[in-house]
Every structure is written in structure tokens, then in C-alpha cells.
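Examination of the molecular architecture
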Amino acid sequence: MNHYSTMKNSIIFSLCSLFSTSSSILGAQNYRTTGSIERLDPSFNQLISKDAKIEILAEGYVWSEGPVWVSKGDFLLYSDVPANKIYKWKEGEGASVYLDPSGYTPNKSRAGESGSNGLTLDEKGNLIICQHGDRRIARMTASTNSPLPVFETLAGKYKGKRFNSPNDLAYNQKGELYFTDPPYGLVQKEKDPKREIDFQGVYILRKNGKVALVGKDLERPNGITLSPDEKTLYVANSHGPRPIWMSYELKENGMAKKGEIFFDSTQYRKKHPDRQGGNDGMKVDVDGNIWATGPGGVLVFSPEGKHLGTILTGQRTANCAFGDDGSTLYMTADMYLMRIKTSTKGTGF
């Protein structure tokens, strides 16, 4: 999901051009800190220490998104959606362009949010990409340590119709891929004449390459993740009039039973009108707590849906990912890449 103005675009695109010429912006150093931590429940102190700081690692993006940690190489990858690039950040080296183009590959100009969005790795360590402009889930055919903008389509259509613009994604342990498909990558969103599917779906890509519809009850399905036991699927709805996070109990076949509202941020937004941003990407830690980007930064919920605390980045925050040994939370926040040390670990580490 993107929230940026035309004026900001022209300014920040200029910054991106300057930024991309350098292989290192901040490198290994004492990073500038920002924001604050809101502690709403005593248990939050077991997740974020009282002396933890939010560090700014790199900046100059149009809208940073979709971070994923690559353990074979110890680096982070993340998207700049409007710039149609994926960036790499590594401790001691800083940030550099990793893949260009990343989400829209035709050799012609295109308006709208055309680049890559959500990123993940499959069981073999291949980079899997939500490509807005190409309207598909794709695999980069090169290795993560020798990237090339050459892609193979994993999922491009549902029942013969092209997706809107796949946004975020999450693998289960069977190697099946859940993903969301809001209209943000279409130039005119729902009104775009090239739109082929008349709803915003949540899907699962099976190991055999077939795509099944998990649900279509959300106006703007966005961030998506699984509980550690994979019995629950969480989906963020970034629709302004209905800003909710949903939880879906999953059947043995991976399909969803009737969903329930996990957390409704309507009252939270009214209480904090100065906290910008929408319900977006999220990850889960080993204890089942949900780290969800939303108004003000990253909201942390217990498995029961209790709001434990908030990492207040001060920016519209798009997504997050655990990295390093699993106890660092990386955050893509508007034009910034940030991180904070945690006292827990993300799933998969």
C-alpha cells in the first residue's frame, strides 16, 4: 500500500537517483535514532527492552516495502515500489540497488505503482516477488548472491483472468504460498479498464502450480502471515472505512473457515489522529505475537488480539521482517529503512 503525494514523488525520485549512485549511505556506524516505544502492557517489556532504540539504516526511497532477510549472505532485501527497484542492505556495506527492474519488466513507461512489493524466499532460497506492474507472483531465476532481473511466473492468473496486483505473501511449511491481491498496482485501481478480476482476493498457490481462492471478503487485503502452528492465517485490510486485521482458522487443506476480526483499529485511529499510515505488512514471532505495521509504526498484538505496545517510527510504515539471528526487526517506513533489537525471535529462525 502506498501513501505519497505527487509533489513528494518528484522530490524523492531525485533523491533516489542520487542515492542509487552510491553503494553505501550509512554503512557500519553509530546510526541515527528516531521515534519512541509505547508500552501498553507489562508483557511488552519481554519483547522490547527498555533501552531499545529505533535506528535509521538508509533513506531516500519513494515508498519502501516488503523486507526479507537472506541468511545466505547476511543481508536484507526490500522494495521501492514506485521506483521499480529492489535494494540490498548489509551491515558494513550499507544500501545499494539489487535489482532493476523489479516488478514491471516491459521496456516502456508506465504510470502507477509498478514495482515489486512483498518479497520472500522459497524452501530452496529463491527470491519470490509480488510484481505489481507485471501483475504476478514471480521467481527470480538467478541466485540471491548473483541477482539478475530475469523472472519465471509462478502465478499470474486465477480462472484465466489476470490478477490485480499481488501485494504480500507468506509460505507455509508445505511450500504452499498465500498471497493477497488488492488493486494498488493498477493505474486506476478498481476503475482501471485493464482490471480482469472484480474482487480483491486472498489466494493460495499449491505445490502443483494451481491457484485456489481462500477468500474475497476484504476490500483491501494487504499484509499476510501465519501463526507459528500454521492453524491461523492473519490478513490486514488496508481499507480506510474498515481498518481491520482478520484471523482465519485454517482447515487441514489450507483453506479458511469463517474469519473473525482480530483487531479493529477504528477507535485507535480516532484516539491517535496524528499517527499516519494504514494496516499493512506483518510478521509473527515464535510465541505467536503479531508485529503489524499500522498507524504510527508497528503495533504488536498478543495471539489473543490484545494490543501490547507500539514501535512508533514517526512515519507511514509499510512492512517489517525479522532478520540477523531472528531478534532484529527491520522496518520499511516511507522513505526510510529502520531496525530495532527485540528480545524475541521471528518464526523460521
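Here, the structure is the one placed above.
**So, the overall build of the chain**
Scanning the chain for helices and strands turns up two helices and 28 strands. Judged by the C-alpha coordinates and their principal axes, the chain covers about 55 × 50 × 40 Å. Looking at the chain as a whole, 59% of its 349 residues are labelled buried. Of the accessible surface of the chain, which amounts to about 14400 Å², a share of 48% is contributed by carbon and sulfur atoms. Across the chain, the 44 positively charged side chains and the 39 negatively charged ones have centroids separated by 4 Å.

**As for the sheet that holds strand β10 (residues 136–140)**
With antiparallel pairing, four strands are arranged side by side in an open sheet as β8-β9-β10-β11. The strands lining the two open edges of the sheet, one partner per strand, are β8 (116–121) and β11 (151–155). Here the average twist between neighbouring strands, direction ignored, is 30 degrees. Both strand β9 (residues 127–131) and β10 contribute to a ladder of four bridges, which runs antiparallel.

**Here's the deal with the state of the cysteines**
One pass over the structure, following the stated rule, counts zero disulfides. Residue Cys 130 stays outside any disulfide, its sulfur separated by 15 Å from that of Cys 320, the closest cysteine. For Cys 130, a relative accessible area of 0% corresponds to the buried category. We classify Cys 320 as buried; its relative accessible area is 0%.

**Focus: the sheet that holds strand β20 (residues 244–250)**
Pairing within the open sheet is antiparallel, and its four strands lie in the order β18-β19-β20-β21. The sheet terminates laterally at β18 (221–226) and β21 (256–264), the two strands that pair on one side only. With direction set aside, neighbouring strand axes in the sheet form an average angle of 25 degrees. Here strand β19 (residues 232–237) runs beside β20; their pairing, made up of five bridges, is antiparallel. Looking across to β20, one finds that Leu 233 is bridged to Tyr 248.

**Points about the pairing of β9**
The element β9 is extensively covered by neighbouring structure, given that five of its five residues are classed as buried. Where burial is concerned, the two faces of β9 agree: the one with Leu 127, Ile 129 and Gln 131 and the one with Ile 128 and Cys 130 are both buried. Pairing of β8 with β9, which is carried by four bridges, proceeds in the antiparallel orientation. Bridging from a neighbouring strand, Ser 116 pairs with Gln 131 of β9. Connecting β8 to the next strand, β9, in antiparallel fashion are five residues, including Gly 125 with a positive phi near 85 degrees. Linking β9 to β10, which pair antiparallel, is a turn of four residues; within it Arg 135 sits at a positive phi near 60 degrees.

**Some details on the nonpolar core**
Counting residues in each nonpolar core, the largest one holds 20 residues, and the members touching the most others are Ile 48, Trp 291, Ile 311, Leu 329, Met 331 and Ile 340. Elements supplying a minimum of two residues to this core: β3 (54–59), β24 (297–301), β25 (307–312), β26 (317–323), β27 (328–333) and β28 (336–341). Apart from residues no more than four positions distant in its own chain, Met 331 is found in contact with Ile 54, Val 298, Ile 311, Thr 313, Asn 319, Cys 320, Tyr 336, Leu 337, Met 338, Arg 339 and Ile 340. Membership of the second largest hydrophobic core comes to 17 residues, among which are Ala 170, Val 202, Ala 212 and Val 214.

**A closer look at the packing of aromatic side chains**
For the structure on display, the rule yields 17 aromatic pairs. When the ring of Trp 291 is compared with that of Phe 322, the centres are 5.5 Å apart and the planes differ by 85 degrees; the resulting orientation is edge-to-face. Of the two residues, Trp 291 is situated in strand β23 (residues 290–294) and Phe 322 in strand β26; the sequence distance between them amounts to 31 residues. Overall, the relative accessible area of 0% leaves Trp 291 in the buried class. Among the aromatic residues, those joined into a ring-pair cluster are Tyr 234, Trp 245, Phe 262, Phe 263 and Phe 301. Over the ring of Tyr 104 we find Arg 110; its NZ or CZ atom is 5.6 Å from the centre of that ring.

**Examining the pattern of salt bridges**
Under the definition given, this model contains 14 salt bridges. The closest approach of N and O atoms between Arg 339 and Glu 91, which form a salt bridge, is 2.9 Å. Placement of the pair is Arg 339 in strand β28 and Glu 91 in the loop between β6 (85–90) and β7 (94–99), with a sequence separation of 248 residues. Look at Arg 339 and you get buried, because its relative accessible area is 12%. Note that Arg 136 and Asp 134 form a salt bridge whose closest N and O atoms lie 3.4 Å from each other. Take Arg 136 and Asp 134: they sit in the same class, and that class is buried.

**A closer look at unusual backbone geometry**
With the exception of glycine, most residues fall at negative phi, and the peptide bonds are largely trans. Residue Pro 101 is reached from Asp 100 by a cis peptide bond, and omega for that bond is 5 degrees. Locating Pro 101 in the fold gives a position in the loop between β7 and β8. Phi at Lys 189 takes a positive value of approximately 50 degrees, unusual for a residue other than glycine.

**Thoughts on the environment of Arg 269**
Considering the arrangement of structural elements, one finds Arg 269 in helix α2 (residues 266–271). Measuring from C-alpha to C-alpha, the distance between Arg 269 and Thr 328 comes to 27 Å, with 59 residues separating the pair along the chain. Excluding anything up to four places from it in sequence, Arg 269 contacts Pro 243, Gly 277, Gly 278, Asn 279 and Pro 295. At a separation of 3.2 Å, a polar atom in the side chain of Arg 269 contacts the side chain of Asn 279.

Reading the values: rules and limits
- Residues numbered from 1 in each chain as written.
- Predicted model: local features only at pLDDT ≥ 70, side-chain atom pairs only at ≥ 80, totals over all residues.
- Heavy atoms only, no water.
- Helix = DSSP H or I, 4+ residues; strand = E, 2+ residues; numbered from the N terminus.
- Buried < 20%, exposed > 50% of the residue type's maximum accessible area, 1.4 Å probe, protein only.
- Areas by Shrake-Rupley, 256 points an atom, 1.4 Å probe, with all protein chains shown as cover.
- Lys, Arg positive; Asp, Glu negative; His and termini not counted.
- Charge placed at Lys NZ, Arg CZ, Asp CG, Glu CD.
- Pairing = 2+ DSSP bridges.
- Axes fitted to C-alpha atoms, helices over the stretch in contact; angles between N-to-C directions.
- Disulfide = S-S within 2.5 Å.
- Core = buried A, V, L, I, M, F, W, Y, C linked by side-chain atoms within 4.5 Å.
- Contact = heavy atoms within 4.5 Å.
- Phe/Tyr/Trp six-rings, centres within 6.5 Å; stacked < 30°, edge-to-face > 60°.
- Lys NZ or Arg CZ within 6 Å of the ring centre and 35° of its normal.
- Salt bridge = Lys/Arg side-chain N within 4 Å of Asp/Glu carboxyl O.
- Polar contact = N/O pair within 3.5 Å; in protein donor to acceptor, adjacent residues only side chain to side chain.

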